Amino acid sequence: MYKGYTDDLEKRVKEHNSGKTKSTKGYIPWRLVYFEKFLSREESILREKYFKTGSGRDFLKGKLGK
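Residues numbered from 1 in each chain as written. Predicted model: local features only at pLDDT ≥ 70, side-chain atom pairs only at ≥ 80, totals over all residues. Heavy atoms only, no water.

1. Some thoughts on the packing of aromatic side chains
Working step 1: Scanning all chains against the criterion turns up five aromatic pairs.
Working step 2: Seen from their ring centres, Y50 and F51 are 5.8 Å apart, and the 45° between their planes marks the pair as tilted.
Working step 3: When its relative accessible area of 28% is taken as the criterion, Y50 is described as partly exposed.
Working step 4: A ring pair is formed by F51 and F59, whose centres lie 6.0 Å apart and whose planes are at 20°; its orientation type is stacked.
Working step 5: Classification of F51 as buried rests on a relative accessible area of 9%.
Working step 6: When its relative accessible area of 29% is taken as the criterion, F59 is described as partly exposed. (Phe/Tyr/Trp six-rings, centres within 6.5 Å; stacked < 30°, edge-to-face > 60°. Buried < 20%, exposed > 50% of the residue type's maximum accessible area, 1.4 Å probe, protein only.)

2. A word on the side chain of K3
Working step 1: Mapping K3 onto the fold places it in the segment before α1 (9–18).
Working step 2: Of the side chains bearing the opposite charge, E48 lies closest to the buried K3, which forms no salt bridge; the N-O distance is 8.7 Å. (Helix = DSSP H or I, 4+ residues; strand = E, 2+ residues; numbered from the N terminus. Lys, Arg positive; Asp, Glu negative; His and termini not counted. Salt bridge = Lys/Arg side-chain N within 4 Å of Asp/Glu carboxyl O.)

3. Quick word on a nonpolar patch on the surface
Working step 1: Judged by side-chain polarity, L9, L32 and F35 come together as a nonpolar surface patch covering roughly 270 Å² of accessible area.
Working step 2: Note on placement: L32 falls in the loop between α1 and α2 (41–51). (Patch = residues over 30% accessible without salt bridge, like charges linked within 9 Å, V, L, I, M, F, W, Y side chains within 5 Å. Areas by Shrake-Rupley, 256 points an atom, 1.4 Å probe, with all protein chains shown as cover.)

4. Points about unusual backbone geometry
Working step 1: The step from I28 to P29 runs through a cis peptide bond, and the omega angle for that step is 5°.
Working step 2: Relative to the helices and strands, P29 is located in the loop between α1 and α2.

5. Focus: the environment of S40
Working step 1: With respect to the helices, strands and loops of the structure, S40 is situated in the loop between α1 and α2.
Working step 2: S40 sits 33 residues away from D7 along the chain, and the two C-alpha atoms are 9.9 Å apart.
Working step 3: There is a polar contact of 3.1 Å between the side chain of S40 and the backbone nitrogen of E43. (Polar contact = N/O pair within 3.5 Å; in protein donor to acceptor, adjacent residues only side chain to side chain.)

The following block contains the structure:
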């Protein structure tokens, strides 16, 4: 499960699926299953950091039914 932020979601998914991102290249194809929208970059970065914690991963697993 990849977690990240961007200001152009469609472009970012295409980048991951084209192999332009080294860290995700080995897991192609990627599909978007969940996203949240924020008004500021700072808010989105804080949320991304939360998702990378144990409780954040648990939240996502619950949200995605895993």
